[in-house]
Amino acid sequence: MSTPAIAYFASGGSGADIAATGTLKPMEILPATTGTSTARLYPGKTGDLIVKVKNPNAIPVTLLRASQGGGVSVTGAAGCTNDSGWPTTVGTSGVSMPEAVALDIELAGGSTKVLHLPGAASMSLTSAAGCQGATFDIPITVEVKQ
């Protein structure tokens, strides 16, 4: 003979929860006021880029790669022109960041890091002679992951 089982639950409940993901704020690319380049830029050669990256997020991220993010601006030279229509129209400087640079660098939330990218800038052999002694501003885009 079997005995039936009887159960009684004295309390019950239900509930709901919401999970949300935020959107990462873009990294801030700032002029590097510290650090020095060991490789200068000459026609037909590469030179170093030094940039400062700030993570405005509260969480850490990994910097994956850096690449050129816009046209090059030129200051301090006559006869050396900007890349105002980049990438379809380029100026006479011949300066660019021809290839993306792999990084794989951890950057804590709220922190800033100076990156030294050896050989990341290039100047073509056809650069205008007026570009000698100029300063070049290469906009940089940094790809990140959480």
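Residues numbered from 1 in each chain as written. Predicted model: local features only at pLDDT ≥ 70, side-chain atom pairs only at ≥ 80, totals over all residues. Heavy atoms only, no water.

1. Some details on the state of the cysteines
Rule in force here: By convention in this document, the label disulfide applies to cysteine sulfur atom pairs within 2.5 Å. In DSSP terms, a helix is any run of H or I states spanning at least four residues, a strand is any run of E spanning at least two, and both are numbered starting from the N terminus. Only protein chains enter the calculation, and the probe is 1.4 Å; a residue is then buried if its accessible area is under 20% of its type maximum, exposed if over 50%, and partly exposed in between.
Going through the model one piece at a time under the given rule, you end up with one disulfide. Here Cys80 pairs with Cys131 through a disulfide, and the sulfurs are 1.9 Å apart. Handedness here is read from the sign of the S-S torsion; for Cys80 and Cys131, about 95°, the answer is right-handed. A residue pair is termed long-range when its members are at least 10 positions apart, and Cys80 in the loop between strand 4 (73-75) and strand 5 (95-96) and Cys131 in the loop between strand 7 (112-123) and strand 8 (135-137) qualify at 51 residues. Like Cys80, the residue Cys131 is buried in the burial classification.

2. Digging into the pattern of salt bridges
Basically, it comes down to this: Whenever Lys or Arg places a side-chain nitrogen within 4 Å of a carboxyl oxygen from Asp or Glu, that contact is recorded as a salt bridge.
According to the stated counting rule, one finds one salt bridge in the structure shown. Between Glu143 and Arg65 there is a salt bridge whose closest N-O contact spans 2.6 Å. Remark: Arg65 occurs in strand 3 (residues 61-68) and Glu143 occurs in strand 9 (residues 140-145); sequence separation between them is 78 residues. Overall, Arg65 belongs to the partly exposed group, its relative accessible area being 37%.

3. Things to note about the confidence of the model for the protein
Note the threshold: The pLDDT value expresses, per residue, how confident the predictor is, ranging between 0 and 100. Residue contacts follow a heavy-atom distance rule, with two residues in contact if any of their heavy atoms lie within 4.5 Å.
Of all residues in the protein, 80% attain a pLDDT of 70 or more, and the chain-wide mean is 83. Within the protein, no element has a lower average pLDDT than strand 1 (residues 28-31), which sits at 83, and none a higher one than strand 6 (residues 101-107), at 96. Overall, residues 5-13 carries pLDDT values under 50, and its contacts beyond four positions in sequence, including any with other chains, amount to zero contacts.

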